[in-house]
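Structural overview for review
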Amino acid sequence: MHIDIISVQPRLLDSPFAHSIMKRAQDKGLLSVETHDLKEFGIGKHRQVDDYQFGGGAGMVMKCEPLAACIDSLKAKRTYDEVIFVTPDGKTYDQGLANQLSLGENLLIICGHYKGIDERIREHYITMEISIGDYVLSGGELAAAVIVDSIGRIIPGVINNETSALTDSFQDDLLSPPVYTRPSDFNGWKVPEVLLSGHTAKIEEWRHEQALERTRARRPDLLEE
Ligand code: ADE
């Protein structure tokens, strides 16, 4: 999968994909992520990318021309499954959407800044608008990083033990059960006996019960769906 990201602060995206699982995904050739500096498409000597909003009011708006030129230049190279704008008024992101997006070939993500982007770009270029939650970030870069990370880790082959990604919280609309590692007794706090029993069927049953119990207690809304 290839993901292009358009940003006015592309350096903010240097680190999230340079380590750990995202690095491994790229090293294995399963994922490539390229950031594009919108200022390179800015207007005039000052590479202007934003302007005052019509009708007055505080906050600058990202201009049409640089965004259109940047998106057009990328669309000339690739066909995108989705052109995504990350914005607090988008559809709330969840595991189902991550799964769906991970099936694509190419994605383009546009990060907003300031007051937002000119509505005409949203109308004519954007195919999907995503919010990562009901709070406002200072720009879309961290939202884009969240989306790329959640997609990248479920691309087949990225995580060695593939069942690991499939048993994540949310993958079957349940939260994950509690997990333990050695020592089996820490400060007198003991690991549940069943996990030490070696009885696979009983362990699976216990995990499922725990997952259900945890979901009921913490996220009953998931069970109602
Ligand atoms: N940009 C600013 N806040 C955001 C959010 N919550 N989700 C996606 N993009 C954003």
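Residues numbered from 1 in each chain as written. Predicted model: local features only at pLDDT ≥ 70, side-chain atom pairs only at ≥ 80, totals over all residues. Heavy atoms only, no water.

Section: the site of the ligand
Definition in use: Each residue is tested against the molecule or strand, and it is near if at least one of its non-hydrogen atoms lies within 4 Å. Whenever a nitrogen or oxygen atom comes within 3.5 Å of another N or O atom, the pair is scored as a polar contact, on the condition that within protein one atom can donate a hydrogen and the other can accept it, and that pairs from neighbouring residues in sequence are kept only if both atoms are in side chains. Per-residue accessibility takes into account occlusion by the displayed protein chains alone, with areas from the Shrake-Rupley method and a 1.4 Å probe. Secondary structure elements follow DSSP: runs of H or I no shorter than four residues count as helices, runs of E no shorter than two count as strands, and numbering proceeds from the N terminus. Under the scheme applied here, ten amino acids are nonpolar (Ala, Val, Leu, Ile, Met, Phe, Trp, Tyr, Cys and Pro), four are charged (Asp, Glu, Lys and Arg), and all others, including Gly, are polar.
For the ligand, the full set of nearby residues is Val-86, Thr-87, Pro-88, Ile-130, Ser-131, Ile-132, Gly-133, Tyr-135, Val-136, Leu-137, Gly-139 and Ala-143. One nitrogen or oxygen atom from the main chain of Thr-87 is found 3.2 Å from a nitrogen atom belonging to the ligand. Expressed as a share of its isolated accessible area of 260 Å², the protein-covered part of the ligand is 96%. Of all elements in the fold, only β5 (82-92) and β7 (128-131) reach the threshold of two or more residues within the shell around the ligand. Among the elements that take part in the shell around the ligand, β5 stands out by supplying 3 residues, more than any other. Grouping the constituent residues of the shell around the ligand by class yields 8 nonpolar, 4 polar and no charged.

Focus: unusual backbone geometry
Cis geometry marks the peptide bond from Arg-182 to Pro-183, where omega comes out at 5 degrees. By the element assignment, Pro-183 lies in the loop between α6 (162-166) and β8 (185-186). Phi is positive for Asp-173, which is not a glycine, with a value near 60 degrees. Along the chain, Asp-173 turns up in the loop between α6 and β8. Located in the positive-phi region is Asn-187, a residue other than glycine, with phi close to 60 degrees.

Observations regarding the sheet that holds β5
Using the following cut-off: A strand pair is defined by DSSP finding two or more bridges across the two strands. Helix axes use the C-alpha atoms of the stretch in contact, all axes being lines fitted to C-alpha atoms, and the angles between their N-to-C directions lie in the range 0 to 180 degrees. Here, residues are in contact when the closest pair of their heavy atoms is within 4.5 Å.
Read across the sheet, 5 strands follow the order β2-β1-β6-β5-β7 without closing on themselves; strand pairing throughout is parallel. Of all strands in the sheet, those bounded by a partner on one side alone are β2 (32-37) and β7. Strand after strand, the sheet turns through a mean of 30 degrees between neighbouring axes, direction not considered. Bridge analysis of β5 against strand β6 (residues 106-111) gives 5 bridges, and the strand direction is parallel. Within β6, the residue paired with Glu-82 across the bridge is Leu-107. Strands β1 (2-7), β2, β5, β6 and β7 of the sheet are contacted by helix α5 (residues 141-152), whose axis makes an angle of about 160 degrees with β6.

Some thoughts on the nonpolar core
Put simply, the rule is: Remark: nonpolar core denotes a set of buried residues (Ala, Val, Leu, Ile, Met, Phe, Trp, Tyr, Cys) joined through side-chain atoms within 4.5 Å. Throughout, exposure labels follow a simple rule: accessible area from a 1.4 Å probe, protein chains only, divided by the maximum for the residue type, with under 20% read as buried, over 50% as exposed, and the rest as partly exposed.
Core analysis: the largest hydrophobic core is formed by 31 residues, its most contacted members being Ile-5, Leu-101 and Ile-109. Counting residues per element, this core draws most heavily on α5, which supplies 6 residues. Those residues in contact with Ile-109, other than ones at most four positions away along the chain, are Ile-3, Asp-4, Ile-5, Ile-6, Ile-84, Val-86, Ala-144, Ile-147 and Val-148. Grouped together as the second largest cluster of nonpolar side chains are 20 residues, Val-8, Met-62, Ile-71 and Tyr-125 included.

Concerning the domain arrangement of the protein
We count it as follows: An automatic or database domain assignment supplies the start and end points of every domain.
Domain boundaries in the protein define domain 1 (2-152) and domain 2 (167-224). Of note, the centres of domain 1 and domain 2, computed from C-alpha atoms alone, are 37 Å apart.

Thoughts on the environment of Ala-98
Mapped onto the secondary structure, Ala-98 falls in helix α3 (residues 95-102). Assessed through its relative accessible area of 1%, Ala-98 is described here as buried. Ala-98 sits 52 residues away from Ser-150 along the chain, and the two C-alpha atoms are 6.3 Å apart. When near neighbours in sequence (up to four residues on either side) are disregarded, Ala-98 contacts Tyr-93, Ser-150, Ile-151 and Ile-154.

Notes on the side chain of Ser-150
Its location among the elements puts Ser-150 in helix α5. There is a polar contact of 2.8 Å between the side chain of Ser-150 and the backbone oxygen of Ile-147. Setting aside residues no more than four positions away along its own chain, Ser-150 makes contact with Tyr-93 and Ala-98.

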